[in-house]
Amino acid sequence: MSKPRVIVSRKWPQEVESRMQELFDVQLNEDDTPMSAGQMQAALQSADAFCPTVSDNVNAELLSVDNLKAEIIGSYGVGFNHIDIDAARTRGLVVTNTPEVLTDCTADIAMTLLLMTARRAGEGERHVRNREWSGWRPTHMMGTKVTGKTLGLIGMGRIARAMAQRAYHGFGMKIIFTDPYPPPAELVSELQAESRASIEEVLQEADFVSLHCPGGKETYHLINRERLSMMKPGAFLVNSARGDVIDQSALVEALDNGTIAGAGLDVYEGEPAVPAALLTLDNVVLFPHLGSASRETRVAMGMRVVENLQAFFSGEAPRDRVV
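What you see is a predicted model, and the numbers here were worked out from it, not measured in a lab.

### Quick notes on the overall build of the protein chain
1) Next: What the protein chain contains, in helices and strands, is 13 helices and 12 strands.
2) Next: Taken against the 2.2 N^0.38 rule, which gives 20 Å for 323 residues, the C-alpha radius of gyration of the protein chain at 21 Å falls within 12% of a compact globule.
3) Next: Counting only C-alpha atoms and orienting by the principal axes, one finds that the protein chain spans roughly 70 × 50 × 35 Å.
4) Next: Per-residue burial for the protein chain yields a buried fraction of 51% across its 323 residues.
5) Next: Taking as baseline every contact in the protein chain between residues at least 6 positions apart, the subset at least 24 positions apart corresponds to 62%.
6) Next: Summing over all exposed atoms, the protein chain offers an accessible surface of approximately 15400 Å²; the carbon and sulfur share of this is 50%.
7) Next: Side-chain charges of the protein chain comprise 31 positive and 42 negative groups, with the mean position of each set lying 4 Å from the other.

In structure tokens:
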């Protein structure tokens, strides 16, 4: 019996690629060059499964390809707003993602961004590298204390909960949150977390605001000029979720004019493009989408894709089915 034909859009960890070669007739991307829209459409026409990443724009136009052969899109990543879910459903495609396995590492990155923005770590590191440091002095590069401050979470899913645990147990922070789907009562009790009825209430009260909501139409530019103006002048914004949740031009204004004290960003709208204005600001820490970027996690994500494909081709329901 022939093996299912699988095409992978980017280079994956070696352990995962080796496992895919054992199980499937797989086409790997050994030089890690991003696939064009035409190449992705060709993959959908020639493979049984196509495996994109969160940086691949699998939109409705791409999915409208003639002579569709693929039956499943096994996406590498927890988010799936890069895939037009309605179009995939219309074409009869199964779509899977890779939840759970990246929770801790993404929470670690969110906490890293919070600490770096508060203590001006990015600015300080550049200061030393540029040989501008003239020695310790009492008023040099004073930042903001983290311990005991209020952390506001927009969304209270797995990653937000993991961050809340780090903030509460590690730094004694007060946790407030808003989410239309509240977390388990025992978790709220453990963290002494307090629910707020709206995003606005969280923004007005928190010293640090961390975004943990999905991308897509419902959350597009959720954090806009009006909402940024509700934050405390000394507050910080952290985004490790999706870039399009923030209106980046409004954020640049808020950082430049002192509406908020700073921001830490791991994601951007229209990645890998980053607004030039952000690059010039010292009060923002910029990461290149590192949320899940540990070897252990990236391997686990790939193996989760493999598991979903195995289940599908065995006639079973993939456990991470989105559509």
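Next, the rest of the story.
### Some points on the sheet that holds strand E11 (residues 262-265)
1) Next: The strand order across the open sheet built from 7 strands is E8-E7-E6-E9-E10-E11-E12, with neighbouring strands paired in parallel fashion. With partners counted over all chains shown, the strands left at the sheet margins are strand E8 (194-195) and strand E12 (284-286), one partner each.
2) Next: Relative to E8, strand E7 (residues 174-178) runs parallel, the two being bridged by 2 bridges. Paired with Phe177 across the two strands is Ser195, which belongs to E8.
3) Next: The sheet contacts of helix H5 (residues 103-118) involve strand E6 (150-154), strand E9 (208-211), strand E10 (236-239), E11 and E12, and relative to E10 the element is tilted by about 150°.

### A short note on the packing of aromatic side chains
1) Next: Per the stated rule, a full pass over the model turns up 4 aromatic pairs.
2) Next: Centre to centre, the rings of Phe208 and Phe236 are 5.3 Å apart; their planes meet at 15°, and the pair counts as stacked. Separated by 28 residues along the polypeptide, Phe208 in strand E9 and Phe236 in strand E10 bring together distant segments of the chain. By the burial criterion, Phe208 is buried, and Phe236 matches it.
3) Next: Taken together through their ring pairs, the aromatic side chains of Phe24, Phe312 and Phe313 make up a single cluster.

### Looking at the pairing of strand E1 (residues 5-8)
1) Next: Note: E1 against strand E2 (residues 25-27), 3 bridges, orientation parallel. Paired with Ile7 across the strands is Gln27, a residue of E2.
2) Next: As a crossover connection, the stretch from E1 through helix H1 (residues 14-23) into E2 is right-handed.
3) Next: Bridge analysis of E1 against strand E3 (residues 49-51) gives 3 bridges, and the strand direction is parallel. Bridge pairing in E3 links Val8 to Cys51.

### Examining the side chain of Asn29
1) Next: With respect to the helices and strands, the residue Asn29 is situated in the loop between E2 and helix H2 (37-46).
2) Next: Exposure remark for Asn29: the relative accessible area of 9% places this residue in the buried category.
3) Next: Within polar-contact distance, the side chain of Asn29 engages the backbone oxygen of Ser9 at 2.6 Å.
4) Next: Leaving out residues up to four positions away in the same chain, Asn29 has contacts with Val8, Ser9, Arg10, Lys11 and Met35.

### Considerations on the packing of H5 against helix H7 (residues 158-171)
1) Next: At their nearest, the axes of H5 and H7 sit 8 Å apart, and the two run at 55° to each other. What the angle tells us is that H5 and H7 run oblique. Remark: the crossing between H5 and H7 carries right-handed chirality. Facing H5, whose interface residues are Thr103, Asp104, Thr106, Ala107, Asp108, Ala110, Met111, Leu114 and Leu115, H7 presents Arg158, Ile159, Ala162, Met163, Arg166, Ala167 and Phe171.
2) Next: Per-class residue counts for the contact of H5 with H7 are 10 nonpolar, 2 polar and 4 charged.

### Notes on unusual backbone geometry
1) Next: Here the bond from Glu271 into Pro272 is cis, since omega is 10°, no more than 30 degrees from zero.
2) Next: As for its placement among the helices and strands, Pro272 is situated in the loop between E11 and helix H12 (276-279).
3) Next: Phi at Asp32 takes a positive value of approximately 60°, unusual for a residue other than glycine.
4) Next: Structurally, Asp32 can be placed in the loop between E2 and H2.
5) Next: Of note, Arg120 is a non-glycine position whose phi angle comes to about 60°, a positive value.
6) Next: Tracing the sequence through the fold places Arg120 in the loop between H5 and helix H6 (121-129).

Procedures and definitions
- Residues numbered from 1 in each chain as written.
- Predicted model: local features only at pLDDT ≥ 70, side-chain atom pairs only at ≥ 80, totals over all residues.
- Heavy atoms only, no water.
- Helix = DSSP H or I, 4+ residues; strand = E, 2+ residues; numbered from the N terminus.
- Rg over C-alpha atoms; globule rule 2.2 N^0.38 Å.
- Buried < 20%, exposed > 50% of the residue type's maximum accessible area, 1.4 Å probe, protein only.
- Contact = heavy atoms within 4.5 Å.
- Areas by Shrake-Rupley, 256 points an atom, 1.4 Å probe, with all protein chains shown as cover.
- Lys, Arg positive; Asp, Glu negative; His and termini not counted.
- Charge placed at Lys NZ, Arg CZ, Asp CG, Glu CD.
- Pairing = 2+ DSSP bridges.
- Axes fitted to C-alpha atoms, helices over the stretch in contact; angles between N-to-C directions.
- Phe/Tyr/Trp six-rings, centres within 6.5 Å; stacked < 30°, edge-to-face > 60°.
- Right-handed = clockwise from strand over helix to strand, strands pointing away.
- Polar contact = N/O pair within 3.5 Å; in protein donor to acceptor, adjacent residues only side chain to side chain.
- Parallel < 35°, antiparallel > 145°, perpendicular 65-115°, else oblique.
- Left-handed = near helix turned anticlockwise from the far one by under 90°.
- Nonpolar A, V, L, I, M, F, W, Y, C, P; charged D, E, K, R; others polar.

The values reported here are purely geometric and, on their own, carry no functional implication.
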